[in-house]
Structure formats: C-alpha cells, structure tokens
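# Close look at the chain arrangement
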Amino acid sequence: MNALTRIARLIDNFNQALGMSVAWMAMLMVLVQFAVVVLRYIFGYGSIFMQESILYLHGFVFMLGASYALLHDGHVRVDIFYREASPQTKAKIDIFGVLFFLIPVCTALLIYTLPYVQNSWAQLEGSNETSGIPARFILKTTIPVFCVLMSLQGISIVIHSLNILAGRETAKTGEEHEGI
C-alpha cells in the first residue's frame, strides 16, 4: 500500500468515526425535542435554551456528518450516466467532480466565511435571547470545519479513483462502504 492510499484510508477512517459519533447527536436531538414538547404541552414550561440546542444539534449533524455521507456515496447525484457506467468511468467522473466542483466550492466557502466566523469568535457571540445558548460562535465554526472535512474526503475520493484507474484498487459496492 502506497503513502497516498494510507492517507486516503486515514481520511476515510476519520470520517467514518466522526460520522458514527455525530449520529448520536441525531438521537439526542430527538430526545431533546421530545422533552421540549412534553415540558411545553404537559407542564406548560418552555425553554429557549433547549429549543436552541435542537438547532445546534441539527447544524452539527448536517455540517459534521456531510463528509460521512460523501464517504458512503450518500449525497444526491444526477446519475443519468454514472449509474450504469464502468468503474473506470465512475472514477473519472469522481475525479472531475472533486477537482472542478467540490474542492473549489469548499475553498470559496472557506475563504468567504472565515471572516464571519472569526468575527463571531472575536465577540464570543451568543444567542440573541437572554436565556439562549451563549456559544453561537461554536455553531458557526462548523462552517469552516465542514469545508475542510469535505475537501479531505474529496482528496480521498481522488486517491481511490486514481487507484481504480491504475488497477490497484477495485470499486467499492454499497455493502463494502459500510465496513470501512
């Protein structure tokens, strides 16, 4: 196994572990939402902090879990050509998509949102509500983290695709993606 393949596997394993961890946030989000409903409609008690925590968890799940979805080919794709294509053609499409769409978009998003996130950190921005979560800056930090994680997973896809084109690796099926 060459160094690039080791790097790709390291990225894959990291995003796999992160995705499995973030999945627990979805369960927590459901439990908090259930508690908010019970507290409001049975006990007449509302909590802005709990309501905002649902929004934070939702943001964390999607922003931090996106690279896991990309790892497992779970993103929506217009696969008119891709579905029936050979593994080599799929590898070429993946390389093109990562190099000309994914990484440039993530780079632009990173460049344009860094000042926004830095400003939030400089102010230690919190909720607009008095009893809200006083850490909006942490939520906003997921934007550049998302960009980095997606770009890294894109690099891993390019490495795997180049290995497929060179005959050093076979394309993964849906079942093989589960056991990385």
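Heads up: these notes are all about the structure in this document. Note that the structure is predicted; figures quoted are calculated from it, not measured. The residue numbering used here restarts from 1 in each chain and proceeds along that chain's sequence as written. Given that the model is predicted, a residue must reach a pLDDT of at least 70 before its local features are reported, and side-chain atom pairs must reach 80 or more before they are shown or counted; all residues, however, enter totals for whole chains, interfaces and linings. Neither water nor hydrogens contribute to the side-chain values; these are computed over all heavy atoms in the structure.

## Focus on the nonpolar core
- Residues belong to a common nonpolar core when they are buried Ala, Val, Leu, Ile, Met, Phe, Trp, Tyr or Cys residues joined through side-chain atoms within 4.5 Å. When accessible area is computed with a 1.4 Å probe and restricted to protein chains, residues below 20% of their type maximum are described as buried, those above 50% as exposed, and intermediate ones as partly exposed. Listed in full, the eleven residues of the largest apolar core are Ala66, Leu70, Ile95, Val98, Leu102, Cys106, Phe146, Cys147, Met150, Ile157 and Val158.
- Counting from the N terminus, the helices are DSSP H or I runs at least four residues long and the strands are E runs at least two residues long. Mapped onto this core, the elements with two or more residues apiece are helix H2 (48-71), helix H3 (87-123) and helix H4 (136-166).
- Element by element, the count of residues in this core is highest for H4, at five residues.
- Formed by nine residues, the second largest nonpolar core is a distinct cluster that contains Tyr56, Ile133, Ala135 and Phe137.

## Thoughts on the state of the cysteines
- Two cysteine sulfur atoms form a disulfide, by the criterion used here, when they sit within 2.5 Å. Enumeration according to the criterion identifies zero disulfides in this entry.
- Free cysteine: Cys106, not disulfide-bonded; nearest cysteine sulfur from Cys147 at 5.2 Å.

## Some thoughts on the environment of Val98
- With respect to the helices and strands, the residue Val98 is situated in helix H3.
- Judged by relative accessible area, Val98 falls into the buried class, the value being 5%.
- For Val98 and Ile157, which are 59 residues apart along the polypeptide, the C-alpha to C-alpha distance reads 7.7 Å.

Just geometry here; none of it tells us what the structure is for.
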